[in-house]
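Architecture and fold: a report
So the chains spell out like this:
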Amino acid sequence: MAVTRTFSIIKPDATRRNLTGAVTKKLEEAGLRVVASKRIHMTREQAEGFYAVHKDRPFFGELVEFMISEPVVVQVLEGEDAVKRNRDIMGATNPAEAEEGTIRKEYALSIGENSVHGSDSDENAKTEIAFFFDEDEIVG
Ligand code: UDP
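Keep in mind the model is a prediction, meaning the values are calculated, not measured.

Now for the pairing of strand E3 (residues 72-80). Counting buried residues along E3, eight of its nine residues qualify, which places the element largely inside the surrounding structure. In this structure, strand E1 (residues 3-10) lies alongside E3, joined through eight bridges in antiparallel fashion. Residue pairing across strands places Val 3 opposite Glu 80, the latter belonging to E3. Pairing of strand E2 (residues 33-40) with E3, which is carried by seven bridges, proceeds in the antiparallel orientation.

And the structure:
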């Protein structure tokens, strides 16, 4: 299996509850390595741009307000089959449907305030990494 990269966000509900370390520990235990990380307070423009694919969905406004409500931690994760590995440890979007041991099962508050974002394909991972990081900020 090839070593690849994915993009992760520790969302405001998790940073607010001081769960940055707990979430990162789960990612590391799943075999992912943090090769870039920064804490930012997203602007409205960044949040709207990042989630543009969802702009016609009914939850878009609420999602943007949530993502700019508190700081987040954006990360680049590296590992074997990183996108899938990360999606597996994140768990289902709705924490009520997430499997035991996943980040969202343990920490998410609701389908909206669900603690983490993770890219859903290698192609999106590349775009999302480039949205927040310059190549020289990533140290593998
Ligand atoms: N979301 C929401 N309500 C919904 C579906 C999604 O608030 O009914 C939010 C939630 O924070 C989710 C994000 O929009 O993580 C992106 O949705 P997506 O379907 O891409 O889920 P993910 O890939 O994050 O599991």
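This brings us to the pairing of E1. Bridge analysis of E1 against strand E4 (residues 116-118) gives three bridges, and the strand direction is antiparallel. Bridge pairing in E4 links Ile 10 to Val 116.

Cross-referencing UniProt, the feature "binding site: ATP" (unreviewed entry) maps to Lys 11, Phe 59, Arg 87, Thr 93, Arg 104 and Asn 114 in the present numbering. In this structure, Thr 93 sits in the loop between helix H5 (82-90) and helix H6 (103-107). Under the relative-accessibility criterion, Thr 93 is labelled partly exposed at 42%. Setting aside residues up to four positions removed in sequence, Thr 93 forms contacts with Arg 104, Ile 111 and Asn 114. Secondary-structure assignment places Arg 104 in helix H6. If sequence neighbours within four positions are ignored, Arg 104 has contacts with Lys 11, Met 90, Gly 91, Ala 92, Thr 93, Pro 95, Ala 98, Asn 114 and Val 116. Of note is the side chain of Arg 104, whose polar atom sits 3.1 Å from the backbone oxygen of Gly 91.

Right, let's talk about the UniProt feature "domain: Nucleoside diphosphate kinase-like" (unreviewed entry) in the protein for a bit. If you check UniProt for "domain: Nucleoside diphosphate kinase-like" (unreviewed entry), the listed places come out as residues 3-140 in our numbering. The span residues 3-140 shows a helical share of 40% and a strand share of 20%, and its end C-alpha atoms are spaced 11 Å apart.

Time to look at helix H7 (residues 122-132). Ala 125, Glu 128, Ile 129 and Phe 132 are the residues of H7 that are buried. Down the axis of H7, the buried side of the element spans an arc of 105 degrees, and every buried residue falls inside it. Exposed residues lying more than 90 degrees from the buried face of H7 are Glu 123, Lys 126, Thr 127 and Ala 130.

This paragraph deals with H5. Residues Ala 82, Val 83, Asn 86, Ile 89 and Met 90 constitute the buried set of H5. Seen from one end, H5 has its buried residues packed into an arc of 140 degrees, which puts them on one side.

The next thing to look at is the site of the ligand. Surveying the vicinity of the ligand reveals the residues Lys 11, His 54, Phe 59, Leu 63, Arg 87, Thr 93, Arg 104, Ile 111, Gly 112 and Asn 114. Side-chain polar atom of His 54 to an oxygen atom of the ligand: 3.2 Å apart, as the coordinates give it. For the ligand, an oxygen atom lies 2.9 Å from a polar atom in the backbone of Gly 112. Burial of the ligand by the protein amounts to 79% of the accessible area it has alone, namely 510 Å². Of the residues that constitute the shell around the ligand, the class distribution is three nonpolar, four polar and three charged.

Conventions used here
- Residues numbered from 1 in each chain as written.
- Predicted model: local features only at pLDDT ≥ 70, side-chain atom pairs only at ≥ 80, totals over all residues.
- Heavy atoms only, no water.
- Buried < 20%, exposed > 50% of the residue type's maximum accessible area, 1.4 Å probe, protein only.
- Helix = DSSP H or I, 4+ residues; strand = E, 2+ residues; numbered from the N terminus.
- Pairing = 2+ DSSP bridges.
- UniProt positions renumbered as here; feature names shortened; annotations may be inferred.
- Contact = heavy atoms within 4.5 Å.
- Polar contact = N/O pair within 3.5 Å; in protein donor to acceptor, adjacent residues only side chain to side chain.
- Arc of directions from axis to C-beta.
- Near = heavy atom within 4 Å.
- Areas by Shrake-Rupley, 256 points an atom, 1.4 Å probe, with all protein chains shown as cover.
- Nonpolar A, V, L, I, M, F, W, Y, C, P; charged D, E, K, R; others polar.

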